[in-house]
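So the chains spell out like this:
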Amino acid sequence: MSCENGLRELLPFYVAGTLGERDRGAVEVHLASCAECRADLALWNGVEEAIIAGDRQLPPAPIAPLQGALSAVMQPEVGVAARTWQLLCAQIPLVQKEIWVASGLVMGLGFLLAAASGGAEGGRVLEAIAPLVAAVGVAMIHGPENDPALELALATPTSPRQVLLSRLLLVFGYNLLLALAATLGLLAVAPPELLGMVILGWLGPMTLLSALALVLSLRMGASTAIAVGFALWMVRWTAGGVLGQMPVFVGWEIPAETLVAIYEGFWRSTALQMGLAALLMAASLWMVNRQGDSLRRGGSASPSS
Amino acid sequence: MEIALTAPATMEDCDAELVRRMAGGEEQGLRLLFAKYGRRPFAYALRLTGSQGMAEEVLQDSLLAAWRGAREFRGEGRALAWLLGIVHRQGLNATRRKQLPIERLEAARGVPDQSEDPGEQAERNDRRMALATALDQLSVDHRTVLELVFYQGLSLNEVAQVCSCPVGTVKSRLSYAKASLRSALARAGMKEEDLL
């Protein structure tokens, strides 16, 4: 007999006893004359028996989940802003204390040097120092060599991305404030119209170098990240002098002057540096999530895993 | 170890009333809901996660989610289906978050019926073993549908609600499960007639 009327699909529910009276009656009438459906019925009866037998041997529900839920219910709900603030405050003791002290000291010395130089020269001193100080600090915010409690932190419900973002906000924000304070302090020895240029002079490089230091520290470790950032920054300040001595590179068609112009143009383009920094930041968030999953699975915590 | 909870004040406490009390901030509503249904969502969480510890976490998260979402329950259908839907989502999220393969609990082989003839008992156990093994080999999607139909006793629409999928998908999964089980039994040298 044809089963096109869909009664065969109702057989599991017939066996489970959850069909309404009308459907149940229709199925029983159909079964009397359909051998295929009777064969299906035998199978479903066996499935029900196996599943119920299996589930009867499962342990009963413990009381602890209810108690846990009731405890959480009795606590007032925390808003997003409050949770963010709690996360930031919780991360402060977990960031290496040396970062706060060293950044403050170096920027303080840098400010004194800038103030002594005065004018545009003082601004260039801050443009040279601020990005490097921030990059070194950011290179040291994550990874097992910087965070002995990393595995414990990964066992909490807070995602690795949230931990990384909150630490980045703290350290980069701290260095940003230091650089702004030092720049404003230059008002004593430099014309006010210079300040905007000075800020733009270090803001883009600070963001880019920090993002690069972060992704390199996740991939290769803090020491390598700091060394690479330092080398890149030194090249930025000496490229003009070195490249300018060479009229044309051997084998290249592009004159050295053009290369120098392109290179220095890049370091003056805040928008380009911010865009690149955003890409590097996205890569860092992806990498830290993968590292977190690897640690949870019992993998290595080394930067290249 | 399960601790006996206070029985509902009246047997007429219906699901909608329990959830309404939860929505009104009455913790007793949550306690009564747990007393009425606690075992079944826990069993489902165990099937989803394969781990006692994770199942307890999932159940706790589900009870909390039920508390917070109680205002959205419109009373259409049983609270059990609503609660199992929450457990389903929490369970899948938990296993995805921890990126652990969904462990399958080994299906119990059942307790032999002492009143049966030993020969028949042995045959019955062989059939159970074959089916239990075949059930273990199903994917989570197909196994959970069978759990919801045969252990949790949900209707077709309720199963679709729990799994957040169309009714047609539930029927397809049942059909696929049937074909898989049939193939597995055939490989084990069994036929449906042996199950009768």
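Just so you know, these numbers come straight off a predicted model, no measurement behind them. (Residues numbered from 1 in each chain as written. Chains lettered and ligands numbered in written order. Predicted model: local features only at pLDDT ≥ 70, side-chain atom pairs only at ≥ 80, totals over all residues. Heavy atoms only, no water.)

J.: Looking at this model, I keep getting lost on the overall build of chain B. Mind explaining?
T.: Per the secondary structure count, chain B includes 9 helices and 0 strands. Listed N to C, the secondary structure of chain B is α-α-α-α-α-α-α-α-α in terms of helices and strands. Sorting the 196 residues of chain B into buried and exposed places 47% on the buried side. Long-range pairs, those at least 24 residues apart, make up 67% of the contacts in chain B with a sequence separation of at least 6. A total of about 9800 Å² of accessible surface is found on chain B, and carbon and sulfur atoms cover 49% of it. (Helix = DSSP H or I, 4+ residues; strand = E, 2+ residues; numbered from the N terminus. Buried < 20%, exposed > 50% of the residue type's maximum accessible area, 1.4 Å probe, protein only. Contact = heavy atoms within 4.5 Å. Areas by Shrake-Rupley, 256 points an atom, 1.4 Å probe, with all protein chains shown as cover.)

J.: Looking at this structure, how should I read the environment of Glu57 of chain B?
T.: Residues and elements named next belong to chain B. If you trace the backbone, Glu57 turns up in helix H4 (residues 52–68). For Glu57, a relative accessible area of 38% gives the class partly exposed. For the pair Glu57 and Gln90, spaced 33 residues apart in the sequence, the C-alpha separation amounts to 9.3 Å.

J.: Please clarify how the packing of H4 of chain B against helix H5 (residues 79–97) of chain B should be interpreted in this entry.
T.: Two measures define how a pair of helices packs: the angle their axes make with one another and the distance between the axes. Residue and element names in this part refer to chain B. Orientation of H4 relative to H5, taken along the N-to-C sense of each, is 130°, at an axis distance of 9 Å. Taken together, H4 and H5 sit at an angle that is classed as oblique. Considering only the axes of H4 and H5, their crossing is right-handed. Only Trp82, Leu83, Ile86, Val87, Gln90, Gly91, Ala94 and Thr95 of H5 make contact with H4, whose side of the interface consists of Met54, Val58, Asp61, Ser62, Ala65 and Ala66. Considering only residue class, the contact of H4 with H5 consists of 9 nonpolar, 4 polar and 1 charged. (Axes fitted to C-alpha atoms, helices over the stretch in contact; angles between N-to-C directions. Parallel < 35°, antiparallel > 145°, perpendicular 65-115°, else oblique. Left-handed = near helix turned anticlockwise from the far one by under 90°. Nonpolar A, V, L, I, M, F, W, Y, C, P; charged D, E, K, R; others polar.)

J.: Quick question: what am I supposed to make of the interface of chain B and chain A here?
T.: A common way to express how large an interface is: the accessible area buried when the components associate. In this complex, chain B contributes 50 residues to the contact, which on the side of chain A involves 43 residues. Taken together, both faces of the contact between chain B and chain A bury some 4400 Å²; the carbon and sulfur share is 71%. Linking chain B with chain A are 4 salt bridges, by the criterion used here. A salt bridge links Asp55 of chain A to Arg47 of chain B; the shortest N-O distance between them is 2.8 Å. There are 5 residue pairs in polar contact (both at pLDDT 80 or more) connecting chain B and chain A. At the level of secondary structure, the elements contributing two or more residues to the side of chain B that touches chain A comprise helix H2 (27–37), helix H3 (39–49), H4, helix H6 (118–136), helix H7 (140–151) and helix H9 (167–187) of chain B. For the side of chain B that touches chain A, the element with the most residues is H4 of chain B, which contributes 8 residues. (Buried area = accessible area lost by both parts, 1.4 Å probe. Salt bridge = Lys/Arg side-chain N within 4 Å of Asp/Glu carboxyl O. Polar contact = N/O pair within 3.5 Å; in protein donor to acceptor, adjacent residues only side chain to side chain.)

J.: Before we go on, may I ask you to explain the layout of surface pockets in this structure?
T.: Think of a ball as big as a water molecule: rolled over the atoms, this probe shows where empty space is left. Reported here for the second largest pocket is a volume of approximately 380 Å³. Secondary structure elements with two or more residues in the lining of the second largest pocket: helix H7 (119–139), helix H10 (193–220), helix H11 (222–243) and helix H12 (256–268) of chain A. (1 Å grid on protein atoms, 1.4 Å probe; cavity = no way out; pocket = protein on both sides within 12 Å on 5 of 7 lines; lining within 4 Å. Points joined across faces, edges and corners; volume = space filled by probe spheres on them.)

J.: Would you explain a nonpolar patch on the surface in this entry?
T.: Residue and element names in this part refer to chain A. On the surface, a cluster of nonpolar side chains totalling about 270 Å² of accessible area is made up of Val101, Leu105 and Val106. The topology assignment puts Leu105 in helix H6 (residues 97–117). A residue is classified by how much of its surface remains accessible, and Leu105, at 55% relative accessible area, is exposed. (Patch = residues over 30% accessible without salt bridge, like charges linked within 9 Å, V, L, I, M, F, W, Y side chains within 5 Å.)

J.: Would you mind showing me how to read the environment of Thr207 of chain A here?
T.: Residues and elements named next belong to chain A. Mapping Thr207 onto the fold places it in helix H10. For the pair formed by Thr207 and Pro131, sequence separation is 76 residues and the distance between their alpha carbons is 7.4 Å. The contact partners of Thr207, leaving out residues within four places of it in the chain, are Phe172, Met274 and Ala277. Engagement of the side chain of Thr207 in a polar contact is seen with the backbone oxygen of Leu203, the distance being 2.8 Å.

J.: Would you explain the side chain of Asp40 of chain A in this entry?
T.: For Asp40 of chain A, the location among the structural elements is in helix H3 (residues 35–56). By relative accessible area, Asp40 of chain A is classed as buried at 2%. Within the structure, Asp40 of chain A has its side chain in polar contact with the side chain of Arg8 of chain A (distance 3.3 Å). Within the local environment of Asp40 of chain A, its side chain forms a polar contact with the side chain of Arg182 of chain B, the two groups lying 2.3 Å apart. In this structure Asp40 of chain A touches Arg8 and Leu11 of chain A together with Lys178 and Arg182 of chain B, once residues within four positions along its chain are discounted.

J.: Teacher, can you tell me more about H10 of chain A here?
T.: Because the α-helix completes a turn every 3.6 residues, residues three or four places apart line up on one side. All names here are of chain A. Helix length check: H10, at 28 residues, gives a terminal C-alpha distance of 41 Å against a target of 40 Å (1.5 Å per residue), a fit within 8%. For H10, the buried fraction is high: 20 of the 28 residues fall into the buried class. Phi for Gly221, located one or two positions after H10, is positive at around 105°. (Expected span 1.5 Å × (residues − 1).)

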